[in-house]
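# Geometric and topological summary
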Amino acid sequence: MRDTWAWISGWAIPPERFKAAAEQALPAYRHTVFAPSPRAVEDALQCGASRIGGYSLGSLLLLAALPRIPDGLDITCLAPFTAFCEESQQGGTTPLATLQLLQTRLEKQPAKAIKLFYRLAGLNDEPCEALPYAAEDLTWGLQQLASVQVDSADLERTKGLVGLTDPLVRGTVLQSHWAHCAVIENCTHRYDSLLSALQKQTA
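Read on for a plain summary of the structure. Keep in mind it's a predicted model, so treat the numbers as computed, not measured. (Residues numbered from 1 in each chain as written. Predicted model: local features only at pLDDT ≥ 70, side-chain atom pairs only at ≥ 80, totals over all residues. Heavy atoms only, no water.)

### Focus on the environment of Ser 9
Stated precisely, the cut-off is as follows: Counting from the N terminus, the helices are the DSSP runs of H or I reaching at least four residues and the strands are the DSSP runs of E reaching at least two. Residue contacts follow a heavy-atom distance rule, with two residues in contact if any of their heavy atoms lie within 4.5 Å. As used in this structure description, the phrase polar contact means that two N or O atoms lie within 3.5 Å; if the pair is within protein, one of them must be able to donate a hydrogen and the other to accept it, and residues adjacent in sequence are counted only when both atoms belong to side chains.
Structurally, Ser 9 can be placed in the loop between β1 (4–8) and α1 (15–25). With sequence-adjacent residues up to four places away left out, Ser 9 is seen in contact with Pro 15, Phe 18, Val 33, Phe 34, Ala 35, Pro 36, Tyr 55, Leu 57 and Gly 58. Here the side chain of Ser 9 touches Ile 13 through a polar contact of 3.4 Å, landing on its backbone oxygen.

Here you go:
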C-alpha cells in the first residue's frame, strides 16, 4: 500500500484543488485533504494516514494541536506561521484590522472577501463561484487566524517550508525560532510551488 498523506488546506482553498496539486507534486502517495474547520485535526488524525500536513491556516491548526498529536507521526507544514497577525511580532505581515475587514466583508459579500484574501496572499487561483466549503467554517477560520498563537517550544518535532517571498509571513523571522523550518527561494504563498519544493526534499 502506498504511503498516505492527510492534509488540512488553507483558508478559502477548495480541498479538491489542493488535492489535485498534491497528487501532481507527490504522485507516489495517496492524499486525503480536509478543509480547515473545528473538526479538521481530529479528522486528519483518524483517517489512518502515515503523514500529516497542513498549508497556511491548516498549518496553524496543526501546530496549535501538537500536544495531542501522537509522537512519531511525520508532520509537515507548508506556508506556516506561529501567529498570523503583524501585531504578534512572530513574522506575520497582516494587520489585525485587515482580518476584521475580511470578516465583515465575508458576512456581506463572501465572494469579494475570498478574492481579497487571494490577492493579499498572492494566489493566482480563480475564486469559485460557490463557497469553497461551509460558510461557518470560513468564519471560524478567520477567527483562528486572528487569535491563535503557537508556543515555539513545541515546534521541534515538525518540519516547515515557507517561501522566501511569501507576502503573508517573513520566513527568516519564522526560521529564527523554528530550527526545522526551511526558507525556499523562488517560492511565495502558492501551495503548488511549496508542494513541488517538498517533492524535491522527499525524492
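Anyway, onward from the coordinates.
### Let's talk about the side chain of Ser 59
Selection rule: To sort residues, take the accessible area from a 1.4 Å probe on protein chains only and compare it with the maximum for the residue type: under 20% means buried, over 50% means exposed, and anything in between is partly exposed.
On the secondary structure map, Ser 59 appears in helix α3 (residues 57–64). Judged by relative accessible area, Ser 59 falls into the buried class, the value being 0%. Here Leu 78 takes part through its backbone oxygen, which lies 3.1 Å from a polar atom of the side chain of Ser 59. Residues within four places of Ser 59 in sequence aside, it is in contact with Gly 54, Cys 77, Leu 78 and Pro 80.

### Quick look at unusual backbone geometry
Unusually for a residue other than glycine, Ala 79 sits at a positive phi of about 50 degrees. With respect to the helices and strands, the residue Ala 79 is situated in the loop between β4 (74–78) and α4 (96–108). Judged by relative accessible area, which is 0%, Ala 79 ranks as buried.

### Brief notes about helix α6 (residues 135–147)
Here is the rule we go by: Expected span of a helix, by definition, is 1.5 Å for each gap between consecutive residues, and there is one gap fewer than residues.
With 13 residues, α6 should reach 18 Å at 1.5 Å per residue; the first-to-last C-alpha distance of 19 Å fits that figure. Each element contacted by the buried residues of α6 is listed here: α3, α4 and α5 (110–121).

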